[in-house]
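Per-entry structural report
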Amino acid sequence: MEDKSIVLIGFMGVGKTSIGTELAKKLQWGLIDTDERIEQQFKMSTSKIFLDHGEEVFRKAESELIEQLSAEEKQILSLGGGAFLNSKNREICLQNSTVVLIELSWEKWLDRYPLIKDTRPKLNGLSTDEMYHLYKERQAHYQPYHLKINVDGKTAVEAAELIVSGIR
């Protein structure tokens, strides 16, 4: 397996950070959650950044961070669900890292929604139909990738094992 960093992408709430934590343990690499890093930089939650500064400011900070971190070796990067919408972010990650799409079916994602709704500003005020539209719309932006795993019914540990075996 190469020492290139691994970038985890996928819709918000699919488990990128949980899986990234297990993957980092398994590989003995570092884990960086880009949303958490931006929250530390701004000293406020993602929701508050969106509210106080706007999504554009958040996305600019996100792109700068991705460009800086994606070329590092032996890191697991967990990207926010909207990061791969930016074509420059996609190109940089695909060139510098191994990109892994974490896929979760709509039905399983909907089961998780109550656990994530308060921490995802893009979901504020959306109906179930609007969330489904956002979910489907974003799927096209998660292409291309180097490896895709479906995590329906899988634990974070099982998902991490699938990634390791898929990359080797």
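Preceding this section is the structure that the text describes.
Residues numbered from 1 in each chain as written. Predicted model: local features only at pLDDT ≥ 70, side-chain atom pairs only at ≥ 80, totals over all residues. Heavy atoms only, no water.

1. What to know about the packing of helix α4 (residues 55–69) against helix α5 (residues 87–96)
Between α4 and α5, whose axes approach to 9 Å, the crossing angle comes to 15°. Judged on the interaxial angle alone, α5 and α4 are roughly parallel. Crossing handedness for the pair α4 and α5: left-handed. Between α4, through Ser63, Ile66 and Glu67, and α5, the contact on the second element is made entirely by Lys88, Asn89, Ile92 and Cys93. (Axes fitted to C-alpha atoms, helices over the stretch in contact; angles between N-to-C directions. Helix = DSSP H or I, 4+ residues; strand = E, 2+ residues; numbered from the N terminus. Parallel < 35°, antiparallel > 145°, perpendicular 65-115°, else oblique. Left-handed = near helix turned anticlockwise from the far one by under 90°. Contact = heavy atoms within 4.5 Å.)

2. A few points about the environment of Gly10
Inspection of the secondary structure assignment puts Gly10 in the loop between β1 (6–9) and α1 (16–27). Distance from Gly10 to Cys93, taken between C-alpha atoms, is 13 Å for residues 83 residues apart in sequence. What Gly10 contacts, discounting residues up to four positions off in sequence, is Lys16, Gly81, Leu101, Ile102 and Tyr142.

3. Quick word on the pairing of β1
Every other side chain in a regular strand lies on the same face of the sheet, so the side chains alternate between the two faces. Burial along β1 is two-sided: the residues Ile6 and Leu8 and Val7 and Ile9 are all buried. As defined by bridge partners, β1 adjoins strand β3 (residues 75–78) across three bridges and the pair is classed as parallel. Directly across from Val7, in β3, lies its bridge partner Leu77. Note that β1 and strand β4 (residues 98–103) share four bridges and pair parallel. Bridged to Leu8 within β4 is Val100. (Buried < 20%, exposed > 50% of the residue type's maximum accessible area, 1.4 Å probe, protein only. Pairing = 2+ DSSP bridges.)

4. Thoughts on the layout of surface pockets
If you add up the space inside the largest pocket, you get close to 620 Å³. Contributing to the lining of the largest pocket are 35 residues, with Met12, Gly13, Thr17, Asp35 and Arg120 lying nearest its centre. Of all the secondary structure elements, the ones that give two or more residues to the lining of the largest pocket are α1, α2 (34–42), α3 (46–53), α4 and α6 (106–116). Considering each element in turn, the lining of the largest pocket owes the most residues, four residues, to α1. (1 Å grid on protein atoms, 1.4 Å probe; cavity = no way out; pocket = protein on both sides within 12 Å on 5 of 7 lines; lining within 4 Å. Points joined across faces, edges and corners; volume = space filled by probe spheres on them.)

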